[in-house]
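A structural walkthrough
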Amino acid sequence: MNGRSDGGSGSGAVIRLLLADDHPVVRAGLRAVLEGEPDFTIAAEAATAERAVELAAAGGVDVVLMDLQFGPGSAMNGAQATAAITARPGAPRVLVVTTYETDADTLPALEAGATGYLLKDAPPEELAQAVRAAAAGRSALAPSVADRLLERMRTPAAALSARETEVLGLVADGLTNQQISQRLHLSQATVKSHLVHVYTKLAVDSRTAAVRAARGRGLIR
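Here the structure is a predicted model, which means the values were calculated and not measured. (Residues numbered from 1 in each chain as written. Predicted model: local features only at pLDDT ≥ 70, side-chain atom pairs only at ≥ 80, totals over all residues. Heavy atoms only, no water.)

**Topic: the overall build of the protein chain**
Where we set the bar: Numbering of helices and strands runs from the N terminus; a helix is a DSSP stretch of H or I covering at least four residues, while a strand is a stretch of E covering at least two. What the globule rule says is 2.2 Å times the number of residues to the power 0.38, and the radius of gyration is computed from C-alpha atoms. In this scheme, a residue with accessible area under 20% of its type's maximum is buried, one over 50% is exposed, and one in between is partly exposed, where area comes from a 1.4 Å probe on protein chains only. Between two residues, a contact is recorded if the distance between any of their heavy atoms is within 4.5 Å. In these tables, accessible area is a Shrake-Rupley quantity obtained with a 1.4 Å probe, and a residue counts as shielded only by the protein chains included in the view.
Check the secondary structure of the protein chain and you find 10 helices and six strands. Here the C-alpha atoms of the protein chain give a radius of gyration of 18 Å, agreeing with the 17 Å that 2.2 N^0.38 yields for 221 residues. Considered along the principal axes of its C-alpha atoms, the protein chain spans approximately 55 × 35 × 30 Å. For the protein chain, the proportion of its 221 residues judged to be buried stands at 43%. Contacts in the protein chain between residues far apart in sequence, at least 24 positions, make up 62% of those at least 6 positions apart. Counting only carbon and sulfur atoms, one obtains 53% of the accessible surface of the protein chain, whose full area is about 10,500 Å².

So this is what it looks like as structure tokens:
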């Protein structure tokens with residue numbers, strides 16, 4: 001059986017959940033919170049992003065609670081897994097539950113098809129509401145994430161694109177333009193072009209200043 005049940009349609013059906021996180025303690029915490037809700041059942045758990053994709057494809061899941069960063073045992077990250085899951089017809093919804101809230105994290109996840117994005121310190125009632133919203137196909141965003149998305153809409157000319165954010169994140173990691181071009185499969189000229197746009201939008205004139213400004217605005221970690 002593939003696809004979602006009627007869990008979010010108001011029919012009273014139980015919403016089947018897949019917990020995808022590489023930390024057993026986190027999964028246990030999520031299970032403890034969510035199993036207390038009468039309309040939730042934990043259908044499966046996954047310690048790697050790849051396993052989450054497999055379980056979601058097998059069916060019997062309505063909402064996947066997806067972390068963004070997995071350990072060395074996983075070659076995929078949460079955004080990549082989200083894209084793989086949501087690409088299938090009748091796929092379950094994906095609700096990202098993570099500790100990261102920068103644009104470098106939120107934009108790829110939402111562009112990959114995540115229905116919602118919450119932080120792990122969200123109150124239990126907020127998590128439960130987000131799961132129900134996701135099951136019904138409605139978005140649920142952490143307040144800080146929603147605020148930044150609104151700001152991007154208000155000032156689109158000053159907002160960094162997902163690719164510009166990705167390039168700047170790699171600059172922050174210490175990669176050279178050549179290394180970034182190889183990592184992202186872009187020409188060095190394209191990388192330089194992205195950085196020029198970043199400098200203009202952030203009103204800076206160096207890599208160091210760009211990283212400092214972006215971190216101050218919550219654009220990168």
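**A look at the environment of Gly137**
Within the secondary structure layout, Gly137 lies in the loop between helix 5 (124–135) and strand 6 (140–141). Taking relative accessible area as the criterion, Gly137 reaches 37% and is therefore assigned partly exposed. Remark: the alpha-carbon pair of Gly137 and Val94, spanning 43 residues in sequence, is separated by 9.8 Å. Apart from residues lying up to four places away in sequence, Gly137 is in contact with Arg93 and Thr115.

**What about the sheet that holds strand 5 (residues 116–119)?**
Applied cut-off: When DSSP locates at least two bridges between a pair of strands, those strands are taken to pair. Geometry is summarised by axes, namely lines fitted to C-alpha atoms with helices restricted to the contacting stretch, and by angles between N-to-C directions that run from 0 to 180 degrees.
Strand order in the open sheet made by the six strands is 2-1-3-4-5-6, with parallel pairing throughout. Bordering the open sheet on either side are strand 2 (40–46) and strand 6, each of which pairs with just one other strand. In this sheet, strand 3 (residues 63–66) lies alongside strand 1 (residues 15–20) in parallel orientation, the contact comprising four bridges. Looking at the pairing, Ala20 lines up with Met66 of strand 3. The strands touched by helix 1 (residues 24–34) are strand 1, strand 2 and strand 3; relative to strand 2, the strand with the most contacts, the crossing angle is about 170°. Relative to the sheet, helix 2 (residues 49–58) contacts strand 1, strand 2 and strand 3, its axis offset from that of strand 2 by approximately 135°.

**Concerning the nonpolar core**
Rules: In these notes, a set of buried Ala, Val, Leu, Ile, Met, Phe, Trp, Tyr and Cys residues joined through side-chain atoms within 4.5 Å is what counts as a nonpolar core.
Judged by nonpolar contacts, the single largest core of 29 residues is most densely connected at Leu17, Leu34, Val63, Leu65, Leu95, Leu127 and Val131. Listing elements by their share of this core, those giving two or more residues are strand 1, helix 1, strand 2, strand 3, strand 4 (93–98), strand 5 and helix 5. The element that contributes the greatest number of residues to this core is helix 5, accounting for seven residues. With residues up to four places along the chain from it excluded, the contact list for Leu65 reads Leu17, Leu18, Leu19, Ala20, Leu30, Leu34, Leu95, Val97, Leu127 and Val131. The next biggest cluster of nonpolar side chains, apart from the first, holds 18 residues, and it includes Val198, Tyr199, Leu202 and Val211.

**Observations regarding the pairing of strand 1**
Rule in force here: For a crossover, the right-handed case is the one in which the path from the first strand over the helix to the second runs clockwise, viewed with the strands pointing away from the viewer.
Among the six residues in strand 1, six count as buried, and that is most of the element. Of the two faces of strand 1, the one carrying Ile15, Leu17 and Leu19 and the one carrying Arg16, Leu18 and Ala20 are both buried. Bridge analysis of strand 1 against strand 2 gives six bridges, and the strand direction is parallel. If you follow Leu19 over to strand 2, its bridge partner there is Glu45. As a crossover connection, the stretch from strand 1 through helix 1 into strand 2 is right-handed.

**Observations regarding helix 2**
Here helix 2 has its buried residues at Ala49, Ala52, Val53, Leu55 and Ala56. The elements touched by buried residues of helix 2 are strand 1, strand 2, strand 3 and helix 3 (78–86).

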